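Remarks on the overall topology
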Amino acid sequence: MTTTPPDTDASAVLTRVAEALRRVLDDCPPDPGTVTMETLFVEDLDLESIDLVTLTGELRTHYGEHVDFPAYFASLDIGEIAGLTVGHLVHHIVDRLG
């Protein structure tokens with residue numbers, strides 16, 4: 001039986017993203033357990049573009065250059081960014097680490 005290393009497991013990445021969001025949104029952080037794969041960055045968390053930049057900086061400290069966050073966000077159009085879920089980002093991270 002093969003086990004997935006924790007850093008490439010979607011639930012571990014979701015936990016890491018939720019922790020980073022709490023640091024980025026320290027003035028009004030989401031309640032623990034409320035960030036799910038379906039959570040929308042813009043609509044549910046009211047993230048602005050500067051918050052996304054800060055979030056990717058937080059995540060880069062853990063994942064390093066293995067995940068090219070600026071390229072990922074640059075590949076999205078405005079509609080995709082508006083509808084971006086935590087799950088989209090989690091899957092992107094898992095795909096890049098796998």
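Read on for a plain summary of the structure.

1. Observations regarding the overall build of the protein
The number of helices and strands found in the protein is five helices and zero strands. Put simply, the protein runs from its N terminus to its C terminus through helices and strands in the order α-α-α-α-α. Computed over the C-alpha atoms, the radius of gyration of the protein is 13 Å, within 12% of the 13 Å expected from 2.2 N^0.38 for a compact globule of 98 residues. A principal-axis box enclosing the C-alpha atoms of the protein has dimensions of 40 × 30 × 25 Å. Considering the protein as a whole, with its 98 residues, one finds that 37% of them fall into the buried category. Roughly 5,800 Å² of accessible area belongs to the protein as shown, and the carbon and sulfur atoms make up 53% of that amount. Separation between the mean location of the 5 positive side-chain charges and that of the 18 negative ones in the protein comes to 8 Å.

2. What about the packing of helix α1 (residues 10-24) against helix α5 (residues 86-97)?
Closest axis-to-axis distance for the α1/α5 pair is 9 Å, and the angle between their directions is 120°. Classified by the angle their axes make, α1 and α5 are oblique. Here the hand of the crossing between α1 and α5 comes out right-handed. Within the contact between the two elements, α1 uses A10, V13, L14, V17 and L21 and α5 uses V86, V90, I93 and V94.

3. Some points on the pattern of salt bridges
Using the criterion set out here, one finds one salt bridge in the structure. The closest approach of N and O atoms between E58 and R23, which form a salt bridge, is 2.6 Å. Taken together, the residues span a long stretch of sequence, with E58 in helix α2 (residues 49-63) and R23 in helix α1 at a distance of 35 residues. Taking the relative accessible area as the measure of exposure, E58 reaches 24% and is therefore partly exposed. Residue classification places R23 among the partly exposed residues on the basis of a relative accessible area of 43%.

Cut-offs used in this document
- Per chain, residue numbering runs from 1 following the sequence as it is written.
- Reporting of local features is limited, given that this is a predicted model, to residues whose pLDDT is at least 70; pairs of side-chain atoms are given and counted only at 80 or more, and all residues count toward the totals for whole chains, interfaces and linings.
- Derived side-chain values reflect all non-hydrogen atoms in the structure, with water molecules and hydrogen atoms excluded from consideration.
- Strands here mean DSSP runs of E at least two residues long; helices mean DSSP runs of H or I at least four residues long; both are numbered from the N terminus.
- Just to be clear, the radius of gyration here is over C-alpha atoms, and the globule rule we use is 2.2 Å times residues to the power 0.38.
- Throughout this description, buried means an accessible area under 20% of the type-specific maximum (1.4 Å probe, protein chains only), exposed means over 50%, and partly exposed covers the range between.
- For the accessible areas, the method is Shrake-Rupley and the probe is 1.4 Å, while residue cover comes only from the protein chains on display.
- We count Lys and Arg on the positive side and Asp and Glu on the negative side, and we leave His and both chain ends out.
- Taken as the charge centre is NZ of Lys, CZ of Arg, CG of Asp or CD of Glu, depending on the residue.
- Where helices are involved, their axes are fitted lines through C-alpha atoms of the stretch in contact, as for all axes, and angles between N-to-C directions lie from 0 to 180°.
- Angle categories are assigned with fixed cut-offs, so that under 35 degrees is roughly parallel, over 145 is roughly antiparallel, 65 to 115 is roughly perpendicular, and the rest are oblique.
- Definitions for this section: a left-handed crossing has its near helix turned counterclockwise from the far helix by less than a right angle. A right-handed crossing has that turn clockwise.
- Any pair of residues with heavy atoms lying within 4.5 Å of one another is described as a contacting pair.
- Salt bridges are defined as contacts in which a side-chain nitrogen from Lys or Arg sits within 4 Å of a carboxyl oxygen from Asp or Glu.

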